[in-house]
Amino acid sequence: MRYTKTESKTSPLITVELNDGESIKTEPGAMVFHNGKVSLEGKMNGGFGKALMKKMFTNESFFITTATGTENGGKIGIAPKGFGDIHEIKVGPSQWLLNDGAYLASDATVDYTTKSQGIGKAMFGKTGGLFVIQTSGEGSMLINSFGSLMEFELDGDQSIVIDNGHVVCWEDTLTYKMEVASGTFGFTTGEGLVCRFSGKGKVILQTRNIENFAGILSSFMVQ
């Protein structure tokens, strides 16, 4: 994927270059503009059964948009629906697990499916509920966040603890378990439940928690 990104960390825009016949897949509604040398086609997100699973269990769109260059020099601008940064992950050398809403775009050679993460993590975690998104194929994928993105790489001898509302994605070589931050369900610090990642691989977090932000907004709304 050949692209450029604007400098903004809170509301960036990606411009992707597409020559004749080249394609990318994007989240529906992500297109901001194209230069007339690009065609757009909406398709079910992996066939009816897979698309339904993704929509029901991960809140991903039932449809996916494919943008294809109709001649050399095609350009399309894409952006996420919310405020936050955009980051590229490489799929193929390793596969990734993504939280709800993290997917923005990918090469046509990259796909993703739903994956069960077990009832315990679904009951107590916010990293996707019972199902999360697992990548497949090989190529580039663009993810987006609420706030900025930070990447940590674990070497197998260490672990990292992340508030479960801040987890965006992680390599499938890592394992994680849910823990109480402190006290009784974290009430003494207000942190609640956290994810402890261990193993060898990368984990990416977002610097803001959308549920906390929604709580701030709700306090100003007239009841």
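What counts and how
- Residues numbered from 1 in each chain as written.
- Predicted model: local features only at pLDDT ≥ 70, side-chain atom pairs only at ≥ 80, totals over all residues.
- Heavy atoms only, no water.
- Helix = DSSP H or I, 4+ residues; strand = E, 2+ residues; numbered from the N terminus.
- Contact = heavy atoms within 4.5 Å.
- Pairing = 2+ DSSP bridges.
- Axes fitted to C-alpha atoms, helices over the stretch in contact; angles between N-to-C directions.
- Core = buried A, V, L, I, M, F, W, Y, C linked by side-chain atoms within 4.5 Å.
- Buried < 20%, exposed > 50% of the residue type's maximum accessible area, 1.4 Å probe, protein only.
- Salt bridge = Lys/Arg side-chain N within 4 Å of Asp/Glu carboxyl O.
- Phe/Tyr/Trp six-rings, centres within 6.5 Å; stacked < 30°, edge-to-face > 60°.

**As for the environment of Gly139**
Piece 1. If you trace the backbone, Gly139 turns up in strand 13 (residues 139-144).
Piece 2. Between the alpha carbons of Gly139 and Asp111 there is a distance of 9.5 Å; along the sequence they are 28 residues apart.
Piece 3. Setting aside chain neighbours within four positions, we find Gly139 in contact with Ile89, Lys90, Val91, Asp107, Thr109 and Val110.

**Things to note about the sheet that holds strand 4 (residues 31-34)**
Sheets are built from strands paired through backbone hydrogen bonds, the pairs being either parallel or antiparallel.
Piece 1. Here 4 strands make up an open sheet; going across it, the order is 1-2-7-4 and the pairing antiparallel. If you trace the sheet from one side to the other, it starts and ends with strand 1 (2-5) and strand 4, each paired once. This sheet shows a mean twist of 20 degrees between the axes of neighbouring strands, independent of strand direction.
Piece 2. Summarising the sheet, strand 1 and strand 2 (residues 14-18) pair through 4 bridges and their orientation is antiparallel. Residue pairing for strand 2: Tyr3 is matched across the bridge by Val16.

**What to know about the nonpolar core**
Piece 1. Counting residues in hydrophobic clusters, the biggest one holds 16 residues, and the most contacted among them are Trp96, Leu98, Met141, Ile143, Cys169 and Ile204.
Piece 2. Only strand 8 (86-91), strand 9 (96-98), strand 11 (110-116), strand 13 and strand 15 (167-171) provide two or more residues apiece to this core.
Piece 3. Contacts of Trp96, omitting those with residues within four sequence positions, involve Ile89, Lys90, Val91, Ile133, Gln134, Thr135, Cys169, Trp170, Glu171, Asp172, Lys202 and Ile204.

**A look at the side chain of Thr66**
Piece 1. Mapped onto the elements, Thr66 comes out in strand 6 (residues 63-69).
Piece 2. With near-sequence residues (within four places) excluded, Thr66 lies in contact with Ser23, Ile24, Lys25, Ser39, Leu40 and Glu41.

**Thoughts on the pattern of salt bridges**
Piece 1. Scanning the model with the defined rule gives 7 salt bridges in all.
Piece 2. With its nearest N and O atoms 3.8 Å apart, the salt bridge here joins Lys9 to Asp85. Of this pair, Lys9 sits in the loop between strand 1 and strand 2 while Asp85 sits in the loop between strand 7 (74-78) and strand 8, placing them 76 residues apart in sequence.
Piece 3. Using a relative accessible area of 48% as the deciding quantity, one classes Lys9 as partly exposed.
Piece 4. The partner of Lys202 in a salt bridge is Glu151, and the shortest N-O contact between them spans 3.8 Å. Of this pair, Lys202 sits in strand 17 (residues 193-206) while Glu151 sits in strand 14 (residues 149-163), and the two are 51 residues apart along the sequence.
Piece 5. Note on Lys202: relative accessible area 25%, which makes it partly exposed.

**Some thoughts on the packing of aromatic side chains**
Piece 1. This structure, assessed with the given rule, holds 4 aromatic pairs.
Piece 2. Taken together, a centroid distance of 4.8 Å and an interplanar angle of 50 degrees make the contact between Tyr103 and Tyr112 tilted. Accessibility classification places Tyr103 together with Tyr112 in one group, the buried group.
Piece 3. Among the aromatic residues, those joined into a cluster by ring pairs are Trp170, Tyr176 and Phe197.

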